[in-house]
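Each chain, letter by letter, is given below.
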Amino acid sequence: MTTLLIADHDGAALSPATLRAVSAARALGTPIDLVVLGGAPELAAKGAEFAGIDRVLRVDAPADLSTEAVAALLKSLVAARGAGAVVAAATSTGKDVLPRLASLLDVMIVADVVAIEGPNVFTRPIYAGNALERLRSLDGVKVVTVRASAFQPAAQGGAAAPVEEMSRAECEAIIGSAVPARLVSREVSETERPDLGSARIVVSGGRALGSAERFDEVIAPLADVLGAAIGATRAAVDAGYAPNDLQVGQTGKIVAPDLYIAAGVSGAIQHLAGMKDSRVIVAINTDPEAPIFAVADYVLVGDVFSVVPELTKALSAS
Ligand SMILES: Cc1cc2nc3c(=O)[nH]c(=O)nc-3n(C[C@H](O)[C@H](O)[C@H](O)COP(=O)(O)OP(=O)(O)OC[C@H]3O[C@@H](n4cnc5c(N)ncnc54)[C@H](O)[C@@H]3O)c2cc1C
């Protein structure tokens, strides 16, 4: 039995979530094959140096593969390699592909796992993170997405694992005409800032910011000075103050940075579900009773429009 670990990458680099997912996959106790679908050839070589990887399979997959095609390809790899588990970080790609794979294999998806005890027992948050479920899966193949922030990154730079290649022709032959869907286009928002999902510091703004202009004026300078990613509440996103991909929470991104600054955020349960595992939480709110204060390590009762620029100024000067 092996575990297939699906590498998460943007074509040019493996994501930090992949390194953390290696640690999760190791807890299953079986050899790990890292599957790198497409992207630059160097990605496979890089992944081969992750401690705990036994083999790397680089698939020369076309960039326009649809989710359906990737799931079909993985199903075939599961059979060919006798895999007992398929693991991916719970990134947009992992959350897209693995439920479909589970459906093709007729097994349950074990989603958003935060702890793994051996090959069958998994812990995952339920009810928007208000309870932890410990479950035993009896499926022959475990299909698992892991919350990367819950696992330590694996070491890098060790002895390289062997890299095998699957050619474009082999890949196309597996997918063949069984999967007529093709990806037409992909829009990626370009940003100089760290990726929200893996940033060490996140500055989030809420409805209190009042407009997109004020959100940018107040939140962006603080994020700039801290080298932080920007996040937002759903209320701020729905009001058009921030783009959708910045939403933190139950229906947005799950983050667990070293420092999370919540400015003008009430702390609704759905927002907390996405950030309450942050190491240090700083909350700024005019309401001393704001629920966000219950999870915050440092609270500042004050107006975001004066407090945040003051903080930014003080940090710039230091
Ligand atoms: C199914 C479902 C899923 C959801 N998923 C998400 C999710 O993923 N993420 C998410 O964030 N929400 C989510 N929500 C919405 C959530 O319930 C809240 O409505 C939302 O988080 C509130 O956002 P907010 O804190 O920005 O706004 P509000 O609740 O309006 O809070 C604004 C806060 O700003 C404070 N404030 C006002 N003026 C100032 C000022 N000048 N200075 C400082 N503080 C000030 C107020 O005291 C208040 O606490 C979801 C809801 C549902 C039903």
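Residues numbered from 1 in each chain as written. Predicted model: local features only at pLDDT ≥ 70, side-chain atom pairs only at ≥ 80, totals over all residues. Heavy atoms only, no water.

Peer 1: Explain the side chain of Ser137 to me, and be specific about the residues and the numbers.
Peer 2: For Ser137, the location among the structural elements is in the loop between strand S8 (131–136) and strand S9 (142–146). One polar contact links the side chain of Ser137 to the main-chain amide nitrogen of Asp139, over a distance of 3.3 Å. Those residues in contact with Ser137 that sit more than four places away from it in its chain are Asn120, Phe122 and Lys142. (Helix = DSSP H or I, 4+ residues; strand = E, 2+ residues; numbered from the N terminus. Polar contact = N/O pair within 3.5 Å; in protein donor to acceptor, adjacent residues only side chain to side chain. Contact = heavy atoms within 4.5 Å.)

Peer 1: Give me the sheet that holds S9: which residues, what numbers.
Peer 2: Read from one edge to the other, the open sheet built from seven strands follows the order S5-S9-S4-S1-S2-S3-S10, with strand pairing classed as parallel. Edge strands, defined here as strands with exactly one partner in the open sheet, are strand S5 (109–113) and strand S10 (163–166). For this sheet the average axis-to-axis angle between neighbouring strands, irrespective of direction, equals 25°. Direction of pairing for strand S3 (residues 55–59) relative to S10: parallel, over a ladder of four bridges. Residue pairing across strands places Leu57 opposite Glu164, the latter belonging to S10. (Pairing = 2+ DSSP bridges. Axes fitted to C-alpha atoms, helices over the stretch in contact; angles between N-to-C directions.)

Peer 1: Before we move on, could you go through the packing of helix H3 (residues 67–81) against helix H4 (residues 92–105) and cite the residues and values that matter?
Peer 2: Their axes nearest at 9 Å, the elements H3 and H4 cross at an angle of 55°. On the basis of the axis angle, H3 is oblique to H4. Between H3 and H4 lies a crossing whose hand is right-handed. Residue-level inspection shows Thr67, Glu68, Val70, Ala71, Ala72, Leu74, Lys75 and Val78 of H3 in contact with H4, the latter providing Asp96, Val97, Leu98, Arg100, Leu101, Leu104 and Leu105. Broken down by class, the residue content of the contact of H3 with H4 amounts to 10 nonpolar, one polar and four charged. (Parallel < 35°, antiparallel > 145°, perpendicular 65-115°, else oblique. Left-handed = near helix turned anticlockwise from the far one by under 90°. Nonpolar A, V, L, I, M, F, W, Y, C, P; charged D, E, K, R; others polar.)

Peer 1: Can you explain the domain arrangement of the protein chain? Please cite residues and give values.
Peer 2: On domain assignment, one finds that the protein chain holds domain 1 (2–175) and domain 2 (201–317). Relative to domain 2, the C-alpha centre of domain 1 lies at a distance of 32 Å. Residue-level contacts link six residues of domain 1 with eight residues of domain 2. Summed over both partners, the interface of domain 1 with domain 2 comes to about 580 Å²; 51% of that surface belongs to carbon and sulfur atoms. The interface formed by domain 1 and domain 2 includes zero salt bridges. (Domains from an automatic or database assignment. Buried area = accessible area lost by both parts, 1.4 Å probe. Salt bridge = Lys/Arg side-chain N within 4 Å of Asp/Glu carboxyl O.)

Peer 1: Can you break down H4 residue by residue, with the values?
Peer 2: Across its 14 residues, H4 extends 21 Å between first and last C-alpha, which sits within 8% of the 20 Å expected from 1.5 Å per residue. All of the buried residues in H4 are Gly94, Val97, Leu98, Leu101 and Ala102. All buried residues of H4 fall inside an arc of 140° around its axis, so they share one side. Facing away from the buried side of H4 by more than 90 degrees, the exposed set consists of Ser92 and Ser103. In this structure, the buried side of H4 is in contact with strand S1 (2–6), H3, strand S4 (83–89), S5 and S9. In the segment just after H4, Asp106 is the residue with positive phi, at about 60°. (Expected span 1.5 Å × (residues − 1). Buried < 20%, exposed > 50% of the residue type's maximum accessible area, 1.4 Å probe, protein only. Arc of directions from axis to C-beta.)

Peer 1: Go over the pairing of strand S2 (residues 32–37), please, and point to the residues and values.
Peer 2: Most of S2 sits out of view: six of its six residues are buried. Every second residue of S2 is oriented toward a common face, with Ile32, Leu34 and Val36 on one face and Asp33, Val35 and Leu37 on the other, all of them buried. Pairing of S1 with S2, which is carried by four bridges, proceeds in the parallel orientation. Along S2, the bridge assignment pairs Leu4 with Asp33. The parallel pair S1 and S2 is bridged by helix H1 (residues 16–26), and the resulting crossover is right-handed. The sheet contact formed by S2 and S3 spans five bridges and is parallel. (Right-handed = clockwise from strand over helix to strand, strands pointing away.)

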